[in-house]
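This is what each chain is made of:
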Amino acid sequence: MADPKGFLKVTERELPARRPVPVRILDWKEVYEPGDSAVLRRQAGRCMDCGIPFCHKGCPLGNLIPEWNDLTWRGEGRAAIERLHATNNFPEFTGRLCPAPCESACVLGINQPAVTIKQVEVSIIDEAFGNGWVEAEPPGRLTGKTVAIVGSGPAGLAAAQQLTRAGHTVAVFERDDRIGGLLRYGIPDFKMEKRHIESRIRQMQDEGTRFRAGVEIGKDISWSELRARYDAVVVATGATMPRDLPLPGRDLAGVHFAMEYLVESNRATAGDAVPHQITAEGKHVIVIGGGDTGADCIGTAHRQGALSVTNLAIGRRPPGERPEHQPWPMTPTVFEVQSAHEEGGERAYLASTVEFIGNEAGEVRSLRIAETEFVDGRRVPKSGTERDIPADLVLIAMGFTGPEREHLEEQLGAQFTGRGAVERDDEWQSTAPGVFVAGDAGRGQSLIVWAIAEGRAAAASVDAYLMGETSLPAPVRPTDVAIGL
Ligand SMILES: Cc1cc2nc3c(=O)[nH]c(=O)nc-3n(C[C@H](O)[C@H](O)[C@H](O)COP(=O)(O)OP(=O)(O)OC[C@H]3O[C@@H](n4cnc5c(N)ncnc54)[C@H](O)[C@@H]3O)c2cc1C
Ligand code: SF4
């Protein structure tokens, strides 16, 4: 156990500072200052090594949190990364981007601020990369079986790494020009710099995983042909269909889905030429919808030099503290201040959009909004409360309705659930034999930690399908619902 009296001696959470707002919005680098190793060890020492570590249950990956808290406190970084990698292929992603349901479930959180689990996680992997401890783990022998993974987000990458290490010959197909899924073209660099994806891809290539970027399955190669060529296929194509807001004026110039905007910004940050880039520079920007996507639009708009940024949420402002109906160890819905929210702008709640209003040239110029009222459980604009706010760029960040289905249906006969996700059985297999489903394609838009967990578990099912048995871990089942998620 880490320091037996640690949680008594240190009762506060200490995290690395974020860089000053006026400085950080001038660049696209990650917002955090480097951490202090003494502070990190002190914080890791607060872990109580609980008899029943609820943090395990909170984490879909079942991360061995008390073990690596203890190793961090002892300064044994190499052993810590070995225990962290035992359950998580990509702690550099989750350590930066996860909302940390493990911390909501931490036992210390009952009467003290939770252990800074996520900070310990990211520090372990950063130290490991820095010291060259993250090495390729190629398989000892090849099975002669082939697997095609479609989609290179965290689900596809996790499945690919597990299956490559199990000895299968794995090719990852990605329609974008670069590997990474939403880590690459959704999430901006100020949350996670892309060099972290590159480091991991290098390791995976050294292990034998092959990457085929710029190939769209369903168009460049049909799903049925891919299935015929490979012994098994994993669908990890994400949930990319955006939820629209079909109101009057929706077709005005300057009204975009958030992902249209974020992809172009990420490309520009990567150094690509982006002709006619959608930019917030010198504009009044409205972001419709909260959540991670909305926050990423806010941070991006500030870095591009927006005149003003307003974030509209149709619902009530969440409480500042854990509400009574979401007691520990559930993950509560609380008012969140992400780094992007600190950087400026206004956050309006109970704000329903009524209409997009444009000028004669067909460009959006304002947004008519009204107060939200609740009628028979539905949220509707309250008549008589309408007002117009200036808007030169409107970004719709209202979530995603599910995966693209046309080609999967036509070419594989895949079936879909009532909620629009690709249907799969308890072994992650779709209705097409030998075709497995992992990540947002099968569960709807979710979290990186779930994508990695599903990629690992689906890999175990693929291995069992190909070999008759498997020793790969399966941290979750399709029917699993983690506490509060
Ligand atoms: C803007 C934004 C910010 C987010 N921020 C966070 C965050 O901070 N923390 C967090 O935990 N979660 C966050 N999420 C959610 C998280 O990114 C996703 O849950 C996660 O990436 C899902 O992983 P995935 O591998 O299932 O799919 P994705 O990451 O969506 O990857 C799917 C990939 O499949 C490719 N593809 C699709 N169809 C085909 C085809 N036919 N042929 C070839 N390739 C194809 C796509 O191009 C894409 O690259 C965010 C989501 C968005 C949109
Ligand atoms: S629940 Fe919190 S205190 Fe207990 S083992 Fe997990 S991290 Fe440590």
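Residues numbered from 1 in each chain as written. Chains lettered and ligands numbered in written order. Predicted model: local features only at pLDDT ≥ 70, side-chain atom pairs only at ≥ 80, totals over all residues. Heavy atoms only, no water.

Engineer: Sorry, what's going on with the sheet that holds strand E6 (residues 255-257) here?
Structural biologist: Strands belonging to one sheet form pairs held by backbone hydrogen bonds; the direction of such a pair is parallel or antiparallel. In spatial order, the strands read E6-E14-E7-E8-E9; together these five strands make up an open sheet with parallel pairing. A strand with exactly one partner marks an edge of an open sheet, and here the two such strands are E6 and strand E9 (346-348). The average undirected angle you get between the axes of adjacent strands in this sheet is 20°. Pairing between strand E7 (residues 284-288) and strand E14 (residues 393-396): four bridges, direction parallel. Within E14, the residue paired with Val 285 across the bridge is Leu 393. (Pairing = 2+ DSSP bridges. Helix = DSSP H or I, 4+ residues; strand = E, 2+ residues; numbered from the N terminus. Axes fitted to C-alpha atoms, helices over the stretch in contact; angles between N-to-C directions.)

Engineer: Got a minute to help me understand unusual backbone geometry in this structure?
Structural biologist: Trans is the common state for peptide bonds, and a negative phi is the common state for residues other than glycine. Pro 329 follows Trp 328 through a cis peptide bond whose omega is 5°. By the element assignment, Pro 329 lies in the loop between strand E8 (308-312) and helix H16 (339-342). For Leu 350, which is not glycine, the phi torsion reads 55° and is therefore positive. Turning to its location among the elements, Leu 350 is positioned in the loop between E9 and strand E10 (351-358).

Engineer: Could you clarify how one ought to interpret the site of ligand 2 in this entry?
Structural biologist: Neighbouring ligand 2 are the residues Cys 47, Met 48, Asp 49, Cys 50, Pro 53, Cys 55, Ile 65, Pro 66, Asn 69, Cys 106, Val 107 and Ile 117. If one sorts the elements of the shell around ligand 2 by residue count, helix H5 (residues 65-73) sits on top with three residues. The residue inventory of the shell around ligand 2, partitioned by class, reads ten nonpolar, one polar and one charged. (Near = heavy atom within 4 Å. Nonpolar A, V, L, I, M, F, W, Y, C, P; charged D, E, K, R; others polar.)

Engineer: Would you explain the packing of aromatic side chains in this entry?
Structural biologist: For any pair of aromatic rings, the description consists of the separation of the ring centres together with the inter-plane angle of the planes. Taken as a whole, this structure holds five aromatic pairs when the rule is applied. A centroid spacing of 4.7 Å and a plane angle of 50° characterise the contact between Phe 54 and Trp 328, whose relative ring orientation is tilted. With Phe 54 in helix H4 (residues 54-58) and Trp 328 in the loop between E8 and H16, this pair connects stretches of sequence that are 274 residues apart. When its relative accessible area of 27% is taken as the criterion, Phe 54 is described as partly exposed. With a centroid separation of 5.2 Å and an interplanar angle of 40°, the aromatic rings of Phe 90 and Phe 93 are classed as tilted. The two residues Phe 90 and Phe 93 agree in class, both being buried. Sitting over the face of the ring of Phe 190, Arg 303 holds its NZ or CZ atom 4.0 Å from the ring centroid. (Phe/Tyr/Trp six-rings, centres within 6.5 Å; stacked < 30°, edge-to-face > 60°. Buried < 20%, exposed > 50% of the residue type's maximum accessible area, 1.4 Å probe, protein only. Lys NZ or Arg CZ within 6 Å of the ring centre and 35° of its normal.)

Engineer: Any chance you could explain the environment of Pro 323 here in plain terms?
Structural biologist: Tracing the chain through its elements places Pro 323 in the loop between E8 and H16. As a C-alpha pair, Pro 323 and Thr 353 span 30 residues in sequence and 28 Å in three-dimensional space. Aside from chain neighbours lying at most four places away, what touches Pro 323 is Pro 332, Thr 333 and Val 334. (Contact = heavy atoms within 4.5 Å.)

Engineer: Is there a simple way to explain the nonpolar core in this structure?
Structural biologist: As a rule of thumb, soluble globular proteins bury nonpolar side chains together. If you look at the biggest cluster of nonpolar residues, it comprises 68 residues, and the most contacted ones within it are Trp 68, Ile 117, Val 147, Ile 149, Leu 183 and Val 462. The leading source of residues in this core is helix H19 (residues 448-467), at twelve residues. For this core, the domains that each give at least three residues are domain 1 (6-130) and domain 2 (146-240 + 401-467). Once residues within four sequence positions are removed from consideration, Val 147 is found in contact with Leu 163, His 168, Thr 169, Val 170, Ala 171, Tyr 230, Ala 232, Val 234, Val 462 and Leu 466. Ala 171, Leu 408, Ala 414 and Ala 432 belong to the second largest nonpolar core, which has 21 residues in total. (Core = buried A, V, L, I, M, F, W, Y, C linked by side-chain atoms within 4.5 Å. Domains from an automatic or database assignment.)

Engineer: Help me out: how do you make sense of the UniProt feature "domain: FAD/NAD(P)-binding" (unreviewed entry) in the protein chain in this one?
Structural biologist: Per the UniProt entry, the sites bearing "domain: FAD/NAD(P)-binding" (unreviewed entry) are residues 146-455 in this numbering. The span residues 146-455 is 27% helical and 24% strand by assignment, and the distance between its end C-alpha atoms comes to 17 Å. (UniProt positions renumbered as here; feature names shortened; annotations may be inferred.)

Engineer: In this structure, what is going on with the pattern of salt bridges? I would like to understand it.
Structural biologist: Overall, the coordinates contain 37 salt bridges when judged by the stated rule. Across the pair Glu 135 and Arg 78 runs a salt bridge, and its minimum N-O distance is 3.8 Å. Here Glu 135, found in the loop between helix H9 (117-130) and strand E1 (146-150), pairs with Arg 78, found in helix H6 (residues 77-85); they are 57 residues apart in sequence, far enough to count as distant. Note on Arg 78: relative accessible area 47%, which makes it partly exposed. Notably, a salt bridge pairs Asp 272 with Arg 267, separated by 3.6 Å at the nearest N-O pair. Through salt bridges that share partners, Arg 18, Arg 24, Arg 303, Glu 342 and Glu 343 make up one connected network. (Salt bridge = Lys/Arg side-chain N within 4 Å of Asp/Glu carboxyl O.)

Engineer: Just to check I follow, could you spell out the site of ligand 1 for this structure?
Structural biologist: Of all residues adjacent to ligand 1, which total 35 residues, the nearest are Leu 97, Ala 155, Glu 174, Ile 217 and Asp 440. One nitrogen or oxygen atom from the side chain of Glu 174 is found 2.6 Å from an oxygen atom belonging to ligand 1. The backbone of Asp 440 places a nitrogen or oxygen atom 2.9 Å from an oxygen atom of ligand 1. Taken by itself ligand 1 offers 1,000 Å² of open surface, and the protein chains cover 97% of this. Top element by residues in the shell around ligand 1 is helix H15 (residues 291-304). It accounts for three residues. Three or more residues apiece are contributed to the shell around ligand 1 by two domains, here domain 2 (146-240 + 401-467) and domain 3 (244-398). (Polar contact = N/O pair within 3.5 Å; in protein donor to acceptor, adjacent residues only side chain to side chain. Areas by Shrake-Rupley, 256 points an atom, 1.4 Å probe, with all protein chains shown as cover.)

Engineer: I'm lost on the packing of helix H10 (residues 154-165) against H19 in this one. Help?
Structural biologist: For any two helices packed against each other, the geometry comes down to the angle between their axes and how far apart the axes lie. Where H10 contacts H19, the axes come no closer than 7 Å and their chain directions differ by 35°. Where H10 crosses over H19, the two elements pack in a sense that is right-handed. Touching Pro 154, Ala 155, Ala 158, Ala 159, Gln 162 and Leu 163 of H10 are Ile 448, Ala 451, Ile 452, Gly 455, Arg 456, Ala 459, Val 462 and Asp 463, all from H19. (Left-handed = near helix turned anticlockwise from the far one by under 90°.)

Engineer: Help me understand the domain arrangement of the protein chain, please; the structure alone is not making it clear to me.
Structural biologist: Frequently, the measure chosen for interface size is the accessible area that the parts lose on association. According to the domain assignment, the protein chain consists of domain 1 (6-130), domain 2 (146-240 + 401-467) and domain 3 (244-398). Its C-alpha centre places domain 1 at a distance of 28 Å from the equivalent point of domain 2. Buried area between domain 1 and domain 2, both sides added, is near 2,100 Å², and the carbon and sulfur share of it is 70%. Across the contact surface, domain 1 and domain 2 share one salt bridge. As a salt-bridge pair, Glu 92 and Arg 200 come within 2.5 Å of each other at their nearest N and O atoms. Counting across the interface, domain 1 meets domain 2 through 13 residue pairs in polar contact (both at pLDDT 80 or more). Elements that contribute at least two residues to the side of domain 1 that touches domain 2 include exactly helix H7 (91-97) and H9. Here the side of domain 1 that touches domain 2 gets six residues from one element, more than from any other, and that element is H7. Across the side of domain 1 that touches domain 2, the residue classes break down as 14 nonpolar, five polar and four charged. (Buried area = accessible area lost by both parts, 1.4 Å probe.)

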